[in-house]
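These are the residues of each chain, in order.
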Amino acid sequence: MALWRPDPTFYPSPKMAMQAPPEKLAYVAMLNAKENGRPDALGVVDLDPASSGYGRLVGQVDMPNAGDELHHFGWNACSACLCPYAPHPHVERRYLIVPGINSSRIHIIDTKPDPRKPQIVKVIEPETLAARTGYASPHTIHCGPEGIYASALGAPDGNGPGGIFVMDQDSFDVMGKWELDRGPQQLAYDFWWHLGFDTVITSEWGTPNMVNKGVNPEILLKGGYGHKLHVWDLPKRRHVQELDLGAEQQMALELRPAHDPTRPYGFLGVVVSLKDLSASIWLWSRDNGKWGVHKIIEIPAEPADPALLPPLLQGFKAVPPLITDINLSLDDRFLYVSCFGTGEFIQYDVSDPLHPKKTGSIHLGGIVRKAAHPKQPKTPLNGAPQMVEVSRDGKRVYFTNSLYAPWDAQFYPEGIKSWMVKLNAKPEGGMEIDPNFFLDFGELRGHQVRLEGGDASSDSYCYS
Amino acid sequence: MSGASDWGWPALFFLGAYHGLNPGMGWLFAVALGMQEKSSRAVVRSLAPIALGHAAAIGVVLALASAMRIVLPLQTLKYAIAAGLVALGVYRLIRHRHFKWVGMQVGFVDLTLWSFLMASAHGAGLMVLPVVMGMPAGGGHAHHTAGMTDPLTGAEATLVHSLGYLILTALIALIVYQKVGLAMLRKAWLNLDQVWAVALIVTGLLALAI
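All values reported here derive from a predicted model rather than from experimental measurement.

**Some points on the overall build of chain B**
- Along chain B, the regular secondary structure elements total nine helices and zero strands.
- For chain B, the sequential pattern of α-helices and β-strands runs α-α-α-α-α-α-α-α-α.
- When burial is assessed residue by residue, chain B has 46% of its 210 residues classed as buried.
- Summarising the internal contacts of chain B: among those between residues at least 6 apart in sequence, 81% fall at separations of at least 24.

As structure tokens, this is what we get:
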């Protein structure tokens, strides 16, 4: 149903979105890793400090099938609906598009009648996705100026190429493959764009066959996982440039372009370097019409007693940081970095993007450290900071601690006990763990977090 | 001059202004381009192609109707136009398609084409037709001949309409860019698509009455 005025959660610019009221609910993908025939679920978490349910799961909708592996998800509509060339501001931010990375099934979940009791209103089966797009393993979801975009890791047979497909914003029908000319691109993972420059950036992980049985050391040591960025023309749907980080940089994953549409730069997290097991953050930017990429942050591996390491890492006698997720505040000032290996969570001031300054660091979990939360200071935690989300005003940061079931098992073979925590970020830098917010997911594992009304990775903007 | 011309020209002008008011029809794009380049000159520069595209959309419809008038009886043409307007209005009430013509990196030609397609998709030209039909031909002497059979009247009508459109588009774009800012969009951007759809239907019905 069309609204009479624009959806109140749409903001023309990221600066205006920072004035948004604090979020009261979060939606969290919850994975059932027990292989007991029970399905995954989407959870609703109470974020209102004034509420009696603060920091607790207050709603849950189970998926109709088992084995989806819910992973990333996103909204049907966002501030990009205000873009001037295809404006349609009177649609509602209401539905969550929730794909299963294993099953290739896509769930459309309505949060409107009761935001605490979301309901599944449509399910797109993997056969439909395959027939319409030639893709499988849907991953990132972004609402675009004129449709819903999604990335996919590969083809239905589990090989490449992976890419992007588009869904209709009203009917949620899968429209088809997005690329008209993919150039040399084969591997896929994340994607986002610079709307002001009509430019899409995509990153690389591996095909479904390369990742769904765990990280494959043979492929890894050959430098076979993704290590490139691809630059595309958004309206023309064509590949324009490839940016190679070098094969020793393995798994170029999360992309966080500047939110301000006039800033042609963004940040990329790389999981591991084959040279020294370090992880890194890279800056891509446009100069004189050409895009380039540079390493701006390197986080070294930490030496460790092999007895404390999982079999995969024992030979290295070190814990790799493993940057698996990053997030950028709406003012493009603070970059948050999750280290799934060491359990460190780092805040950088990236106001000067070429010269980041470390402004905060906390530890929770970690392969060796197993750092505890202040609410339960005697309980060692496993898993580590992973999927991170930042509130629109930049004052609150939430994250969960699981990565992807087959990979969780390699880094935390004892089985991840999953939790979600909240940090309070200080206006001039620095952050503190909220001692009252510690959510235990019980039998399930929390993955991506989406905040009610939008967050720092849900919306894109056409005005600065 | 007959009675019809008394309201015909102002009606054309104000219809143009009404089209200019719609954020989806041009001024908002002009503001966005100004913000992207951080310059009010970019706002001004975008006005010419936006107005040109809009004028072309109006002119094409008027010229087509003129041509059809030569082969079709006036009464038949009236019904056809009325049916077209009502059908487009109903379609726009129930279906909200948003096509993507271009992105934010647009040159003169892209912007002209975008404005032409945007105005056409909204039925801007069709909406103007009944007004022109109700106007007398250039000299005003042949009372039974509708104005649209006269190419000169068609051109003048396009010009007057586009002037109303351009003035409002330029005014809003510059005031919003330099003074007001876009925050007001969140409250003031009424769903003109719905109003527009109803306007198309009403104009269609009015066309029958002329």
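Here the narrative resumes.
**A closer look at unusual backbone geometry**
Residue and element names in this part refer to chain A.
- Between G160 and the following residue, P161, the backbone shows a cis peptide bond with an omega angle of -5°.
- Inspection of the secondary structure puts P161 in the loop between β9 (147–154) and β10 (163–167).
- Positive phi, close to 65°, is recorded for F172, a residue that is not glycine.
- Within the secondary structure layout, F172 lies in the loop between β10 and β11 (174–177).
- Under the C-beta neighbour-count criterion, F172 is labelled partly exposed, with 16 such atoms within 10 Å.
- Positioned with a positive phi, K317 is a non-glycine residue whose angle comes to about 50°.
- Relative to the helices and strands, K317 resides in the loop between α5 (311–314) and β21 (318–319).
- The exposure class of K317 is exposed, given the 12 C-beta atoms found within 10 Å.

**A closer look at helix α6 (residues 124–133) of chain B**
- Burial of α6(B) is extensive: 10 of the 10 residues sit out of reach of the surface.
- Burial in α6(B) covers these residues: B:A124, B:G125, B:L126, B:M127, B:V128, B:L129, B:P130, B:V131, B:V132 and B:M133.

Definitions and cut-offs
- Residues numbered from 1 in each chain as written.
- Chains lettered and ligands numbered in written order.
- Predicted model: local features only at pLDDT ≥ 70, side-chain atom pairs only at ≥ 80, totals over all residues.
- Helix = DSSP H or I, 4+ residues; strand = E, 2+ residues; numbered from the N terminus.
- Buried ≥ 20, exposed ≤ 12 C-beta atoms within 10 Å, placed from the backbone.
- Contact = placed C-beta atoms within 7 Å.

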